[in-house]
Every structure is written in structure tokens, then in C-alpha cells.
Amino acid sequence: MADNSTLMSDTGRSLLADSSILDSKITESSKENLFRGSASDDEEMPQIETRVVLPKEAAKCEELLKALEEIKVPYIKTDSVEEYKNSDSPEFETIFVIADFQDSIFNDLHKADCRVLGPPIVLHCARKGEPLPFSCRPLYCASMLNLVLCFTGFRKKEELVKLVTLAHHMGGIIRRDFNSKVTHLVANSTQGGKFRAAVSLGTPIMKAEWIYKAWEKRNDIDFCAAAEEFRKEFKVPPFQDCMLSFLGFSDEEKKSMEEMTEMQGGQHLPVGDERCTHLIVEENTVKDLPFEPSQNLYVVKQEWFWGSIQMDAKAGESMYLFEKLDSPELKTSVSQLSLSTPNSNRKKRRLRETLAQLTREADMSPFPPRKRPSAEHSLSMGSLLDISNTPESGITNGETPKSCAKPSKNSTPFLPKQSARWQVAKELYQTESNYVDILTTIIQVFQVPLEKEGQLGGPILAPEEIKTIFGSIPDILDVHTKIKEDLEDLMINWTESESIGDVILKYSKDLLKTYPPFVNFFEMSKEMITKCEKQKPRFHAFLKINQAKPECGRQSLAELLIRPVQRLPSVALLLNDIKKHTAEDNPDKATLERAIESLKEVMTHINEDKRKTEAQRQIFDVVYEVDGCPANLLSSHRSLIQRLETVALGDDLCDRGEQVTLFLFNDCLEIARKRHKVIGGFKSPHGHTRPPACLKHIILMPLSQIKKVLDIRETEECHKAFALVVRPPTEQSNLLFSFQITTEEPPKENWLKMLCRHVANTICKADAEDLIYATDPDSIEVSTKDVDSTLSRASRAIKKTSKKVTRAFSFSKTPKRALRRALMAHSSVEGRTFFPASENYLGGRVASTSSLAGIHSPSLINLPSVFEKRSHTLSRSTTHLI
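Being a predicted model, the structure only gives us computed values, none of them experimental. (Residues numbered from 1 in each chain as written. Predicted model: local features only at pLDDT ≥ 70, side-chain atom pairs only at ≥ 80, totals over all residues. Heavy atoms only, no water.)

## Quick look at the sheet that holds strand β22 (residues 668-674)
And step 1. Judged by pairing direction, the sheet is mixed, and its nine strands sit side by side in the order β19-β25-β22-β21-β20-β28-β27-β26-β29 without closing on themselves. In this open sheet, the two edge strands, each paired with only one partner strand, are β19 (626-627) and β29 (772-775).
And step 2. Inspection of the sheet shows β22 paired to strand β25 (residues 695-702) by seven bridges, in the antiparallel sense. When the bridges of β25 are listed, Ile-671 appears paired with Ile-699.
And step 3. On the sheet, helix α24 (residues 748-762) packs against β20 (640-648), β21 (659-665), β22, β26 (706-712), β27 (721-726), β28 (735-741) and β29 and is oriented at approximately 170° with respect to β26. (Pairing = 2+ DSSP bridges. Helix = DSSP H or I, 4+ residues; strand = E, 2+ residues; numbered from the N terminus. Contact = heavy atoms within 4.5 Å. Axes fitted to C-alpha atoms, helices over the stretch in contact; angles between N-to-C directions.)

## Focus on unusual backbone geometry
And step 1. The linkage connecting Glu-745 with the following residue, Pro-746, adopts the cis geometry, with an omega of -5°.
And step 2. Structurally, Pro-746 can be placed in the loop between β28 and α24.
And step 3. Positive phi, normally seen in glycine, also occurs at Lys-72, with a value near 60°.
And step 4. Tracing the backbone through its elements, the reader meets Lys-72 in the loop between α1 (62-70) and β7 (75-78).
And step 5. In this model, Glu-781 sits at a positive phi of 55°, which is unusual for a non-glycine residue.
And step 6. Following the sequence through the fold, Glu-781 ends up in the loop between β29 and α25 (790-802).

## Let's talk about α1
And step 1. Of all the positions in α1, only Leu-64, Leu-65, Ala-67 and Leu-68 are classed as buried. Each buried residue of α1 sits inside an arc of 160° when the element is viewed along its axis, so together they form one side. Exposed residues lying more than 90 degrees from the buried face of α1 are Glu-62, Glu-63 and Lys-66.
And step 2. Contacts made by the buried residues of α1 are with β6 (49-55), β7, β8 (92-97) and α4 (119-128).
And step 3. Where α1 ends, the next residue or the one after it, Lys-72, has phi of about 60°, a positive value. (Buried < 20%, exposed > 50% of the residue type's maximum accessible area, 1.4 Å probe, protein only. Arc of directions from axis to C-beta.)

## Some thoughts on the nonpolar core
And step 1. Core analysis: the biggest nonpolar cluster contains 59 residues, and Phe-446, Ile-469, Ile-500, Phe-539, Leu-557, Leu-561 and Leu-575 have the highest contact counts within it.
And step 2. Each residue touching Ile-469, except ones within four places of it in the same chain, is listed here: Leu-461, Ser-525, Met-528, Ile-529, Phe-539, Leu-557 and Leu-561.
And step 3. Of all hydrophobic cores here, the second largest spans 36 residues; its members include Tyr-84, Met-144, Leu-160 and Trp-210. (Core = buried A, V, L, I, M, F, W, Y, C linked by side-chain atoms within 4.5 Å.)

## Structural notes on the confidence of the model for the protein chain
And step 1. For the protein chain, per-residue confidence averages 74 on the pLDDT scale, and 70% of positions sit at 70 or higher.
And step 2. Here residues 357-415 scores under 50 on pLDDT; set against residues more than four positions off or in separate chains, the count is 120 contacts.
And step 3. Under a pLDDT of 50 for its full length, residues 825-882 has, in the predicted model, 110 contacts with residues more than four places off or in other chains. (pLDDT = per-residue confidence, 0-100.)

## What to know about the packing of helix α19 (residues 522-535) against helix α20 (residues 537-547)
And step 1. Between α19 and α20, the least distance of the axes is 5 Å, while the angle of their chain directions is 115°. When the axes of α19 and α20 are compared, the pair comes out roughly perpendicular. Here α19 and α20 pass one another in a crossing that is left-handed. Residue-level contacts link Ile-529, Cys-532, Glu-533 and Gln-535 of α19 to Pro-537, Phe-539, His-540 and Leu-543 of α20.
And step 2. Looking at side-chain class alone, the contact of α19 with α20 contains five nonpolar, two polar and one charged residues. (Parallel < 35°, antiparallel > 145°, perpendicular 65-115°, else oblique. Left-handed = near helix turned anticlockwise from the far one by under 90°. Nonpolar A, V, L, I, M, F, W, Y, C, P; charged D, E, K, R; others polar.)

## Here we look at the packing of helix α18 (residues 508-520) against helix α22 (residues 563-580)
And step 1. Viewed as axis vectors pointing N to C, α18 and α22 meet at an angle of 140°, and their least axial separation amounts to 10 Å. The angle between the axes of α18 and α22 places the two elements in the oblique class. Here the hand of the crossing between α18 and α22 comes out left-handed. Listed contacts from α22 to Leu-511, Tyr-515 and Phe-518 of α18 are Pro-564, Val-565, Arg-567 and Leu-568.
And step 2. Grouping the amino acids of the contact of α18 with α22 by side-chain chemistry returns six nonpolar, no polar and one charged.

## Observations regarding the sheet that holds strand β18 (residues 298-301)
And step 1. One open sheet accounts for four strands, arranged β16-β15-β17-β18; its pairing is parallel. In the strand order of this sheet, the two ends are held by β16 (267-268) and β18, each with one partner.
And step 2. Where strand β15 (residues 243-247) meets strand β17 (residues 278-281), four bridges bridge the pair, whose relative direction is parallel. Bridging across to β17, Leu-247 finds its partner in Val-281.
And step 3. Along the sheet, helix α9 (residues 251-263) makes contact with β15, β16 and β17, crossing β15 at roughly 170°.
And step 4. The sheet contacts of helix α10 (residues 302-311) involve β15, β17 and β18, and relative to β18 the element is tilted by about 80°.

## Section: the environment of Met-701
And step 1. Within the secondary structure layout, Met-701 lies in strand β25.
And step 2. With 34 residues separating them in the primary sequence, Met-701 and Asp-667 have C-alpha atoms 8.9 Å apart.

## Considerations on the environment of Gly-172
And step 1. Looking at the secondary structure, you find Gly-172 in the loop between α5 (157-169) and β12 (173-175).
And step 2. Along the sequence, Gly-172 and Cys-141 sit 31 residues apart, while their C-alpha atoms lie 9.9 Å from each other.

Right, dumping it as C-alpha cells:
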């Protein structure tokens, strides 16, 4: 295919690779590819040597010289290229490496038709261990290597020539005509056949700035212009060059769509403005236009707006043109993405008749229409859409799931006069049929298109986002399709002794397996929908388009996804209703009772499983919130009990006055301080950013290491304070950690009782109250006065600066006198003292739990690792107390 002839003329040139030369000439018609030559099979080629000439700045680049040595190519340093420029020696193939393609030397060599490369392409070849490429044009870098570009909408020849030249310098290939091999269309206009073809093929459409910015990064060897993160900055937005007006929408909808227009590169104007290029009409409310549109104005339905955003490119207007309600064109036009629903009684009646006819033709339901309106209302939580959810209305033009493809076995409706038991059983079948239809709609209308490969504009959602949203919906659909088929067989061959309970009991294990994963993570599913809808305009447009389809009944995806949560309670109510209308001597009476109990067990299991899942999720939140939190905090037997915000009153764990958060678990205590400096958030491989951790891990303490909990009395200088007497199993002395509670909830008394209860449970002690002792703040030298004053904060700042390197070796310890007072002071708590009269309290009374304290738990990190670097001052000062 011919290339842009304005850039340079076509020439023949010998090919070179691996220091060999072809004797034949290659006639180039496009001069777009990087060739490697090979020796002819018919002729023996003379071996010649490749040499690289490095003029001026290139000769000073040590990295370039090293790269040439690695690929074993000889080089010559020179200040003048004249003696080599016109050299036509049969012994050498000369390559010039020019550091600046804007230099006069480059222009001279280019005019002389010399082989010119840039330093980045040499470094690129050295890194990959490849020979220097043969390029029939000057090649500076590999930023656009193997990219095929086509241009459209450029009126100025000079600008086009410059863009094409830069693309060639970066290894790009240029095509005059657009075809399927083009990887990127560079557009200066959203009109024309090339633009429409690129939209239909899903080819990325780029601005001219993409090439300019890529050229600015030409010296970055690792840079690739096709990288998604870089490329998406310069994609042509769907509404570039578009002036949009909106007619027939509510103020809230209009504001949202105007904001979306600006996000997608367009502008919005009042209705009737002559500069407007597109008038977006809400076809369900607008019957006629308030003015006669000009020939240059596109009057389109709102689906054009949402469809363009979903495709990430401006859609063709002809498919979405708005027609007046009384125009003959409207009666025959059918849109591919229909957002319209009939708004007249005549059209509604016609729709109902059509759906009824489709139902009869499909022969899916063997029953006459329901006559009990009260039954519909009694199960509003479990039943689904009524008019739009006829048995096949939920199936779209996509591939029908195997589980839903089986047709009805019955073609003859039953007589309308049947027993009350039959009527309720029929209602159970009909609601089950509707439920299967809505699950099918969720999968076929929403999930399948999102998972489809080759979406225009690329995938709307990442695979893990799709999995989070839909979860186990396909598995639930398979189970309920089988239940529906069994109920249908039962109703076709109906007798009063038919066992409905057996159908539910048959699939109770399947229900127990499929429902918990979905129900447990339903809130997460809703959160993911909300998050993606806010952050991804294409997903928002996708939901808007599908929500208005008849099979969705104008319900949102979140509203449809709540149906599985409501279904099992609805089935249980219907089974109870059937049991009420079942005779005592009917064998199904006892079976129904067992079926109801099995459903209750399933729902109980779901609730319990959800509680456990929520507890595990809370632990994950702690792990992500605390920087450096040990991964072994995650354990199936562990649950988060309480979170408490405090301020440190001592210097053992951190500086006095620092904000400290305590996470109480059922068997351990995670202590973390507020981070002084929060660095950027964690970014997953899929581009999702997690908020940065705001806390820094200090210690994960087993509750068995807490020997006493000190309730510090309230004084003028001490408020809401408490302390922990901790003894690690390998330490010779006790450690004292003191805190001040900074929140109103929970109250200090409740917190201390809760903590002691779980400590007692951990060490298998019956009376948790024995762990709490009251003491005066003076006895342990604890005070909350000025803990958060300006002077205190300044002092902490100075300490942090001076201890950046030596913090791990800090000598600030609990004073000897303070710890002695903590251990020996007496306080009356229900007639008892802080310690018993025995001097060997720690050695005697606690001896019964010392073995438990000394056991190393595989799921916890012991205290000694935190304090082993600290001074032995505290140990020496308290040894005599043990």
C-alpha cells in the first residue's frame, strides 16, 4: 500500500542483519517496515562488516558505547561525517548514530540517504540481544514499534507531514487507507468514513497530542506509546466537537447528563441555541419539538447519548434519530438499544396482548392467568416482575442458558376450577417461573455482555469486578431451573397426594451450597455497583441502556440482584400456605413440615455464615488499615470484639501523647499508632487503588500475656485512664502500658470489663473481675494533664526528629519507682487489695496460668521481639519484685 508521498521518495536498499548483506535490491512501495535481511539460497554472498559512526554528542555517551560493545559492533568516533557520508565501500555497511534528529548533521545524512539510528534504538537492541534493525527511514527509538497508524481530519499538510515523520522516527507504520490492520487512528475530526470504521471495529482513536507527547519521551527506553495508562490520556472523547442540548428530562437527570457531557469532552447549551449540534430527546415524554430543527442539527434519542459513552466513541446518529409519535417512520423503525416503553393505554394493551400471544406460542405455562390479586401482594418480596416477566421475556437475543432452554412439556391448560391447595401450588410454580426469568435476565442482559470479549472501547469492567457483582447467580439459576421443572411436572400430573415438600427437600443441599456466597457478599456487590457507576461512565451508560429494556421492567441492576435475598423467605411463606390447605391424612403434610424446617435451616446457616463472613471482613479491614500488621492476624477462629481510640500516657510503646488505637480480638490485642506521614495508597495490578494505611503497627499481644488491668481512679489531673500490666513469657520483669480513652463510647468501665472477660476466657479463668484492680494515678506516676498541649506536641516533634535513626534503641522506660508502686500499692476494691498479702503473688497466684502464658501461639507474634532491642534498665530495676 502506498505511503504518504510528501515525506520522502521510495528507494531500493540492501538489507543487513547479523553482519551479513543481501546482494539483491528490495523495491519498497511503502517504506514502513523494519526489515532484516537473509542470505539468498541461490547465490553466495560476500561477507562485509557493519560499522557505526558516532559523531559529536553520540561519541560521548558511555552507555551507548557499552551497548555497542555488547552486541559486538565496531564503532568510530568522529567530529565530521563527511568522509563517511558518501562512502560506498563494498567492505563496510555504515550506520550513523545521531543523538539529536534536529541537528544539521542529521539533515545532511538524511538528504544523502544514509542509514541513521538514534541512541535509544541501539540501547533497546542491546538490552534484548538483537542486531541493529535495518530501517529505510531514520529510526530514533522503538516507542511505536509495530504500531500501524492512519490519519483523518487533518487539513494542514505541514502538520500531517510532521506527525507522520515523528511516527516514523519512533518505529511506527503509516497507512493511507483505514483497514483492519490499523492499530490506532489519529483523528482531528469526528466525521468521515475512517472515524466510523474505527468506531465499528473498536480501534483506539487518538488525538495528535499522543504522537507529540510520545516523542517527548523518546529517550525513555522502557516507554511504549501503546501502553494503556499513557494512551487513555489522549483518546478522542465521545463528544469531542459536539454541542449538546437536552429536552424532556427532569432537572436532576439533565444536570447529571450535562456533567457527563463535560466529562466526555463535549459542551452543553440551552435548547434552541443555534450552535447546538445534537438535541437529545427523552422520547417517552416529548411528543413534539418546540421548534423546527435546522438541517445541521441531529435530533436523537437518549440512547445515542448513553450508547456513545458505553462504546467510548461517538455513535452514528442515523440509528438513533428521533421521530414524532405520529410519523409513519416511527411505526417501522426499531432501535438496537431501545429505551422506549409505550406510554399510551392503546400501546400498553397491545404490548400485553403480544406478550400473551408469545406465551401461548412458546407453550411455557400450562396455567390460566392468576385470579388472586391478594396472592400477588402477599408475596411482593419474593415475586418478580409481572407483565414483563412472562416465561420467555427475560431471555434476550444472546445465547440461551442450557438450564433455561428446555420447553414446557404441557400444551393443554388445566381447568380453572381446582382446590385451594392446587391454587397455592400453582402460585408457587408461577413465582418460581418468574424468579427463574429474572435470574436469566440478570445473566443474559447484564453479565454476559460484560464478560464478552472484543467489546467496543475495551472491557467495561475488570473480571474481578464482574465476579464481585454477580457472584453465584449462575449457580442459583441452575438450582431453581431444576426446581421449576420439577414443579411443572408435578402440576401437569396433579393429584392431591402429590408431594410438593419432596421437591424442596430434594434441592435443600444445593440451596445451602449456592445461597450463602451470594447473600453474604450482597452488600459488597451493591457497593461495587455504586463505585463502578461513579468511577466508570461507560458502566453507568451500560446500566442506563439495559435498565430501560422491557425485560428489566425499568428496574436497576441492584434492584434485580436483591431478588435472591428475598426468594427463600417467600418460598417458606408459600409452603406454609400450602400446608394450611393440606389435609391431615395427606402424606405431604409431614413432608411439607420437613421442607419448611429445611428452608429455615438454610436461612439460619446463611445468617450465621454471614455473621462469620462479616467478622472476617472486619479483620481484613484492620489488616489493610494498619501498616505492617502481621498477616497471621487472619485466622478463622478469630473475631474483632471492639476498637478503642486512646492516647499513650507512657513512653514504652511509643512517645507519650501519641494517638494509639487498640483492636481487641477474642484472643489478642493489636496495638497501632497513628502514622506520622501517610504515603500513597496501594494499587492492585488491575488499577484499583486502596486507601493508604493510616495506622502503624506496634505490637500484636496475646491476651494471655496481660496479667492485670488497672482501673486508674479519676482525679483533677487524670481522666479516663487505665493501664495494663503485661509480662511476656520469656521476660524476667513486668511491663506497664498506660492509656487515656479519647472517645465517649465505649465507657471506660464497659471497656475494662469486656477486656477482662476475654482475657479470662483465654487463660481459662472463671472470674474475670479478679483481673481488674483500682489504683491511684500517683502510685504509678500517670497523668493526663497537658498530654495534648502545644508544648507537648512540640516536644514530641523534637523527639521524633532526634530519634529517626535510633528509635529502636530508645532507653525511655517505665521508671523503677513507678513500676514498684504499681505492683505494691494497695487499693480497696470490694474489700480486697491490689495484691494479696503473699509476697510471692506473681510466682504463686499466677503460677497456675504461667504455663498458658509461656505457650507460643503459631497465630500470634510474641512481645519479646518488640522489646529485645530495648535497654535492660527496667529488667534490673524490677528483678527484686519477682
